[in-house]
Amino acid sequence: MTEERSSAALSIIIPAKNEAGSIAKVVSAAREEYPDAEILVVDDGSDDATGSLAKKAGADVLRHPESLGNGASVKSGARAARGEILAFLDGDGQHDPRDLAKLLAKLDEGYQMAVGARDSGSHASFGRLFANGIYNEIASRLTSRRILDLTSGFRVARASHFKQFLYLLPNGFSYPTTITMAFLRSGFPVCFEPIQAADRAGKSHIRPIRDGIRFMVIIFKIATLYAPLKIFLPTSALFFLTGVGYYAYTYFTAGRFTNMSMLLLSAAVIVFLIGLISEQITALTYRQS
């Protein structure tokens, strides 16, 4: 695919909230690299000049009357986009539009999604780096392949496949996790291309405590989106072995079967059955794709 064809078929979607300090520069850089591409800035209820500056720089602007979340902005942009290929980058200046060429080249190789994987120096803080490392490790074990950056918002994908999963995407910050696992669960090839992200301009919208708890929920979502039994089965086995072990202990020391043993064995059965149900729901969720 030539750069001209890539540009003509490309929609660049930039979710932004209160990014007046950087949005014009981001849009201008994207326009310079891909002059024929459709550039959509989704203004998520900003109370500054984000929308007007983006439009002045050459982008089409979609505006939410109130803040609905990063994921909601991505969904709005994807629904409105006309291109065959969707590219996503942040409006805070962290992502260099020139790096899109590397990701687009991966689509030419047959991948259906290419993700810009940040290096260790590209994370906002050690806490973010540590948390993302946990997510990447869990996802890698579930999928049996190396996932370099599960939460990166810098990516390109085939529009036809991406739009299949819009109903799954949350309105908050965990949309990259959900869409990555959805592609992998459906058997679409996904690659991770190393990039270096710059420091963001302005203030981050992530709140450590609130979003820390929310990101912990992501860990469980990862499991239920991809392979629930890989989480529920080991948990069930742990309850079962603990129950059997405790029963053996009480039998040889007191000659009886205790309520605790019954509770642990019952928990093992319940967790296993929940895992089976989750596995069936997951299979039904991805049946169409």
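These remarks concern the structure in this document. (Residues numbered from 1 in each chain as written. Predicted model: local features only at pLDDT ≥ 70, side-chain atom pairs only at ≥ 80, totals over all residues. Heavy atoms only, no water.)

### Some points on the overall build of the protein chain
Rules: Secondary structure elements follow DSSP: runs of H or I no shorter than four residues count as helices, runs of E no shorter than two count as strands, and numbering proceeds from the N terminus. Categorising residues by exposure relies on relative accessible area from a 1.4 Å probe, with only protein chains included: less than 20% of the type maximum marks a residue as buried, more than 50% marks it as exposed, and the intermediate range marks it as partly exposed. Any two residues having at least one pair of non-hydrogen atoms within 4.5 Å are treated as being in contact. Residue exposure ignores everything except the shown protein chains as possible cover, and the areas themselves are Shrake-Rupley values with a 1.4 Å probe.
When you go through the protein chain residue by residue, the secondary structure sums to 11 helices and 7 strands. When burial is assessed residue by residue, the protein chain has 46% of its 289 residues classed as buried. Of the contacts made within the protein chain by residues no fewer than 6 positions apart, 76% connect residues no fewer than 24 positions apart. When the accessible surface of the protein chain is totalled, it reaches about 14,400 Å², and 59% of it is carbon and sulfur.

### Here's the deal with the side chain of Arg118
Heads up, the condition is: Under the rule applied, a polar contact is a pair of N or O atoms within 3.5 Å (in protein, one hydrogen donor and one hydrogen acceptor; residues adjacent in sequence only if both atoms are side-chain atoms).
With respect to the helices and strands, Arg118 occurs in strand β5 (residues 113-118). Classification of Arg118 by relative accessible area gives buried; the value is 14%. A polar atom in the side chain of Arg118 sits 2.7 Å from the side chain of Asp149. At a separation of 3.0 Å, a polar atom in the side chain of Arg118 contacts the side chain of Thr151.

### Quick notes on the environment of Ala16
You can see Ala16 is positioned in strand β1 (residues 10-16). Through-space distance from the C-alpha of Ala16 to that of Val41 is 6.8 Å; in sequence the pair is 25 residues apart. Ignoring any residue separated from it by four or fewer positions in sequence, one finds Ala16 in contact with Ile23, Val41, Val42, Asp43, Asp44, Ser46 and Thr50.

### Brief notes about the packing of helix α10 (residues 229-254) against helix α11 (residues 259-285)
As a reminder of what qualifies: Between N-to-C directions, angles cover 0 to 180 degrees, with each direction set by a line fitted to C-alpha atoms, over the stretch in contact for helices. The cut-offs work like this: below 35 degrees is roughly parallel, past 145 is roughly antiparallel, 65 to 115 is roughly perpendicular, and the gaps in between are oblique. Put simply, a crossing is left-handed when the front helix is turned counterclockwise from the back one by less than a right angle, and right-handed when it is turned clockwise. Residue polarity follows a fixed list, in which Ala, Val, Leu, Ile, Met, Phe, Trp, Tyr, Cys and Pro are nonpolar, Asp, Glu, Lys and Arg are charged, and the others, Gly among them, are polar.
Following both chains from N to C, one finds α10 and α11 inclined at 165°, their axes separated by 8 Å at the closest point. The angle between α10 and α11 falls in the class roughly antiparallel. Handedness of the crossing formed by α10 with α11: left-handed. Class assignment of the residues belonging to the contact of α10 with α11 gives a composition of 17 nonpolar, 8 polar and 1 charged.

### Some words on the pattern of salt bridges
Which entries qualify depends on this criterion: By definition, a salt bridge exists where a carboxyl oxygen of Asp or Glu is found within 4 Å of a side-chain nitrogen of Lys or Arg.
Under the counting rule described, the total for this entry stands at 8 salt bridges. Residue Arg63 is joined to Asp43 by a salt bridge in which the shortest nitrogen-to-oxygen separation is 2.8 Å. Of the two residues, Arg63 is situated in strand β3 (residues 60-64) and Asp43 in strand β2 (residues 38-44); the sequence distance between them amounts to 20 residues. Overall, Asp43 belongs to the buried group, its relative accessible area being 2%.

### Structural notes on the environment of Gly116
Locating Gly116 in the fold gives a position in strand β5. Overall, Gly116 belongs to the buried group, its relative accessible area being 0%. Each C-alpha atom of the pair Gly116 and Gly153 lies 7.9 Å from the other, and the pair is 37 residues apart in sequence. If sequence neighbours within four positions are ignored, Gly116 has contacts with Leu103, Asp149, Ser152, Phe154, Glu193 and Ile195.

### What to know about a nonpolar patch on the surface
What counts is decided by this rule: Patch membership requires more than 30% relative accessible area and the absence of a salt bridge. Residues of like charge join within 9 Å; the nonpolar side chains Val, Leu, Ile, Met, Phe, Trp and Tyr join within 5 Å.
A cluster of nonpolar side chains, contributed by Leu233, Val269, Phe272, Leu273 and Leu276, occupies part of the molecular surface with about 400 Å² of accessible area. Relative to the elements of secondary structure, Phe272 occurs in helix α11.

### With respect to the side chain of Thr178
Assignment of secondary structure puts Thr178 in helix α8 (residues 175-185). On the accessibility criterion, Thr178 (1% relative accessible area) is buried. Once you skip the residues sitting within four places of it in the chain, Thr178 turns out to touch Leu168, Leu169, Pro170, Lys221 and Leu225.

### Notes on the pairing of β3
Cut-off, in case you're wondering: Being paired, for any two strands, means DSSP has found at least two bridges between them. By the criterion used throughout, a crossover qualifies as right-handed when its path from the first strand across the helix to the second strand runs clockwise, the strands pointing away from the viewer.
Where β2 lies against β3, 5 bridges are found, and the strand directions are parallel. Pairing of Asp43 across the sheet is with Arg63, part of β3. Viewed along the sheet, the connection from β2 through helix α3 (residues 50-56) into β3 turns out right-handed.

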